[in-house]
Each structure stands twice: as C-alpha cells, then as structure tokens.
Amino acid sequence: MAGMRPDLSGVDELTINLTHRVCIGDLPTRAARQFGDRPAVVDGDVTVSYRELEARSNALARGLIERGLVRGDAVALQLQNRWQFPVALFALAKIGVTAMPLNLAISPSDVAYQLADSGVRAVVSEAAFVPVLAGAFADGPAEVTEVVVVGEAPSEIAGVPTVPWDAVVSDDTSVVETVVDDRDIVHCLYTSGTTSRPKGVLTSHVAVHIGALSSALGLGLRPDVAHPVQPIVLPLFHVTALDALMLPTLLVGGTAVLLRGFDPAALAQTFVDHRVTHVTLLPMMWAALVAQPALTDENTSSLITGLYAMAPMAQQVLAGVRARFPGAAIILGSGQTETTPASELQWNGHQGVKDESWGPATVSTDVAIMGADGGLLAADETGEIVYRSPQLMEGYWNNADANTEAFAHGWFHGGDIGHLDDEAVVWFTDRSKDIIKSGGENVSSVEVERVLLGHPAVAEAAVVGRPHERWGEAVTAVIVTVPDAVVDADELIEWAKERLAGFKTPKTIEIVDALPKTATGKVQKHVVRSSPK
C-alpha cells in the first residue's frame, strides 16, 4: 500500500517544489527578507548586505539561464575568498546547476583532469588564473564552452571564449523560481587524491543544508540582534570553509568576513575592526594569531567559539590560546568531504578533559566502530570509524567501484581508525593508510606526533613509516622547530624515549624548514614518506 498521501493533483509541480523543498539557493532569499541590510559578506572594502546578496545571486542566475545553462549541468568555480564566490554558488543552486569549486593550488594538468572528468559546461574564474586555464586547455578544453572572468582577461583562453562577469549579470534581480529537488547535487568537490586520481564527491542540497544546521548548533551560531561574525581564512573551495563555516554563518544572519588567505596580522586586525564571535583555524594559525600584539582583551572578549581542525594541537599551544581567549570555548572539529563536516565536534565541557578526542558525533550523525568482518564493535574496541547521516555525500562521481567499497556493510567508510569510549566520544587513532607497521606492532603516527609536539622546540611534526630491512617500516619523524629554537635530532629521540614505548619511538628524526602541505594546510604524508632528507 502507498500509505497516507495528500492529493496534490490540483497543484502544479513548481508550486509543490517551491513550498516544500530544501534548496541552498533559497538561503539568501529567506535571509534577505529576515535580515535585509545587515552585512552578509565583507570582502575587503566591499560589504554585501543580505538584500544585495540575494539580488546579485538572482541576477547572475538569470544571466546563466540566458546563456543556456539548465538543471543538471555543472560549472567550475576558480575563485578566491571573495564576494563573487557565494554569489556564484547561490546562483547555480537556484537553477539546479552543480558548482564544482577548483582547488586553487593544483597544477594545470590536475585542473584539466577535473574539468574533463566532471564534464563542466563553463568555468567562473579570475583574471589571475588565466595562465592556469591556458595550461589546462592546452590539450583541449573537454566540454567547457565558456569562461566567465572576474577582472580583465583576453577574449579567449586557448580557443575557449571568455565573457566578463558583469556582462553575464542580468538587470533583473527578481527571485528565480525553478524546480530543484532536495537530492539534486549542489556541489562536486574533488578529494586531494594522495594515492590515486582524486575522486569527485557529489553532495546534495539536503545534505549540505542539514550539515549547516548541525554545525550552527554545535558552534553556537544563532540568529539574534547581536549577530555572529566569523572571519574565514580557510579557502572556500574546501568543504570546511564552504559548508561548515560560511553557510552556517549566513544561515543565521551572521557576517562572513572573507580573507584571501592566512595573514596573522590581517586576522588580528579583523578582531580589532569587527566583534569576532567565531573563528576556525589550523593549530599553526592559532599559534601565530595569539602572538599578534594587536590583540587586546577588549577585542578578544567577543569570541564565543574557536575551532581548530585538520591536525592535533600541542597542549602548550592550546593552553596559550585558551589563556588569550578566556571567554571562548576552544574545541576540535572533525569531518571529511564525504561526510559534510562537522561530523564530530567536541562539547564545551570536553575542554581540559578530553582534548585529545574528536568529541562525540554531531546531532545528525551516527558514528560506530566496525571490525574487519563488518560487525560493529563495543566501546573501547578499536576498528574503522563508520558513519550513517543525512549529511553524507550521494556518492563519488563516475566511480562505481569506489562507491561499492565506501558503502560496504551498510555504513560509510572514511578510512579512519579509532574507538568510542563509554560516553560515545570518538577517539581517533590514525588514518588506516598512515598506521605504521614496525617490528610486528601497529604504531599510530598521530600518537607519536602528539608527543613530539609536546616538546617546546617543536612547532610541527609529521610521523611516517619508511621501508626498513629489519623493522619492515621504521618510525620516522620529520619536524619543523619553533623560530630560534636550538635542538638536535638525537636529543629529541632521547626525549621521546622517555614518553613512548620503545617500538613507537622514532628511529630517525629529520629537522626541515617546512612540511609539504595541501592548500588547506594538511600535511602531505605521502610526500613526506617518499622524500627522505
């Protein structure tokens, strides 16, 4: 039996869709009515109100429709953290076109692969990236028929015509109303592809919307007269900045202050110029921020939540951050592109108690630990961390084998190893591919890194396993020291021996000037592993 359903035969399809759907493109429409002239996005000297954000998104959406884009198409975004990014995202969402943000640090050949693999119809780019696109188009532009450019650009790039942003924008700013389903794909984000070709992660409107609601709740973002203010220094092409920071901020009528990248002095000035209430940084960024003389008690007192992610925070750095922002919760958040972060988030009460955990699952996420046979494990048993959540991706694009593997045994497999404690708090051991097998023992690279980061001379650490005739893999640490620190490798090894089991102690420590990282600040361990000093 079909069960109880309403008879909507007298209501047209568009009306049913508009009155019921979950569509990211509707976010600025609702926000414009509720928050009006409140600043939505600050981009340097440009401030875009909620009313303007909606108008500009509608105008661009209408211009894209006039250029032939239809629901189900895809468009690449090659944009820095600037106001055009959210406008383009919302414009595409309004008409059911998938946005595909490009990592701005990847090579022209990688851009070419992603454009060809995704089959995007057009690219929205900046003049600064014309040389990258020229390199990507060198062997043919795949299915790209046009490049919309912010700034001055030639009339074509390797045979592909260009059109200025302003020429695409329509004079009509009225609300665009087209059919967009909850499970239509709002964006395709390619993974970093450290061991193979990157995979396109397809995420729906409803997944991103629920993720934004969940993150807003977990971070304490809420609509009010004194609205949240969040500087965003992580790149918007990454899922954290896009889905866990910007969208939750805009969802509740907050102000997103977009910064082109991480400049500690510029970020400190943002605290001076705005009453910053929320910010998310990598551990090394937090360390640089608290050292800024521009920060005073007056302009740090507004912070409610400070989040750190993507790497463990040394206890001495964490203590320094909490001392500088005594009124704020400084907590860890975790997640993957496939799970629409955050999927785990420490509670305020975990500070100083479970700092080394990932925290419990967010309210819309179910986390469990799975054994090798596909069975779920009990508390304190170590296995793979698996997920069920409406925030999950729909699947990988054009990769049936990866989807079969990812959803084996009825759960999503992210490749992380850990356990749950008796309070359902997640404790991360390591990425499965980063577990070091040394002398018949499994060594967590994260555990060794955390110990090394406890040394006052160590600013950053990456621990990997390198081939060894006797041990199979030798525990190897590559570190960056704090400025002006004087320490040698043998001294660090002896220091680590006092704090680690013998089989976990690094056999070798290399001191380098910098660790190889992705554009979002993640250490590229595959590069560290394959590049001995």
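Residues numbered from 1 in each chain as written. Predicted model: local features only at pLDDT ≥ 70, side-chain atom pairs only at ≥ 80, totals over all residues. Heavy atoms only, no water.

**Focus on helix 11 (residues 283–290)**
Point 1. Every buried residue belonging to helix 11 is among Pro-283, Met-285, Trp-286 and Leu-289, and all of these are buried. End-on view of helix 11: buried residues confined to an arc of 155 degrees, all on one side of the axis. (Buried < 20%, exposed > 50% of the residue type's maximum accessible area, 1.4 Å probe, protein only. Helix = DSSP H or I, 4+ residues; strand = E, 2+ residues; numbered from the N terminus. Arc of directions from axis to C-beta.)

**Concerning the domain arrangement of the protein chain**
Point 1. Assigned domains within the protein chain: domain 1 (13–204) and domain 2 (435–530).
Point 2. For domain 1 versus domain 2, the separation of C-alpha centres amounts to 41 Å. (Domains from an automatic or database assignment.)

**As for the UniProt feature "domain: AMP-binding enzyme C-terminal" (unreviewed entry) in the protein chain**
Point 1. Within this structure's numbering, the places UniProt gives as "domain: AMP-binding enzyme C-terminal" (unreviewed entry) are residues 447–522.
Point 2. Within residues 447–522, the helical portion is 21% and the strand portion 33%, while the C-alpha atoms at the span's ends are 17 Å from each other. (UniProt positions renumbered as here; feature names shortened; annotations may be inferred.)

**Topic: unusual backbone geometry**
Point 1. The residue after Pro-341, namely Ala-342, is reached through a cis peptide bond having omega 0 degrees.
Point 2. Along the polypeptide, Ala-342 turns up in the loop between strand 15 (329–334) and strand 16 (344–345).
Point 3. The backbone phi angle of His-409 is positive, close to 65 degrees, even though this residue is not glycine.
Point 4. Inspection of the secondary structure puts His-409 in the loop between helix 14 (400–406) and strand 21 (412–420).
Point 5. Even without glycine at this site, Asp-484 takes up a positive phi of about 70 degrees.

**Observations regarding the packing of helix 11 against helix 13 (residues 315–324)**
Point 1. Between helix 11 and helix 13, whose axes approach to 10 Å, the crossing angle comes to 50 degrees. One way to sum up the angle between helix 11 and helix 13 is to call them oblique. Crossing of helix 11 against helix 13: the hand is left-handed. Side by side, helix 11 and helix 13 meet where Pro-283, Trp-286, Ala-287 and Val-290 of the first sit next to Val-317, Gly-320, Val-321 and Arg-324 of the second.
Point 2. Taken together, the residues of the contact of helix 11 with helix 13 sort by class into six nonpolar, one polar and one charged. (Axes fitted to C-alpha atoms, helices over the stretch in contact; angles between N-to-C directions. Parallel < 35°, antiparallel > 145°, perpendicular 65-115°, else oblique. Left-handed = near helix turned anticlockwise from the far one by under 90°. Contact = heavy atoms within 4.5 Å. Nonpolar A, V, L, I, M, F, W, Y, C, P; charged D, E, K, R; others polar.)

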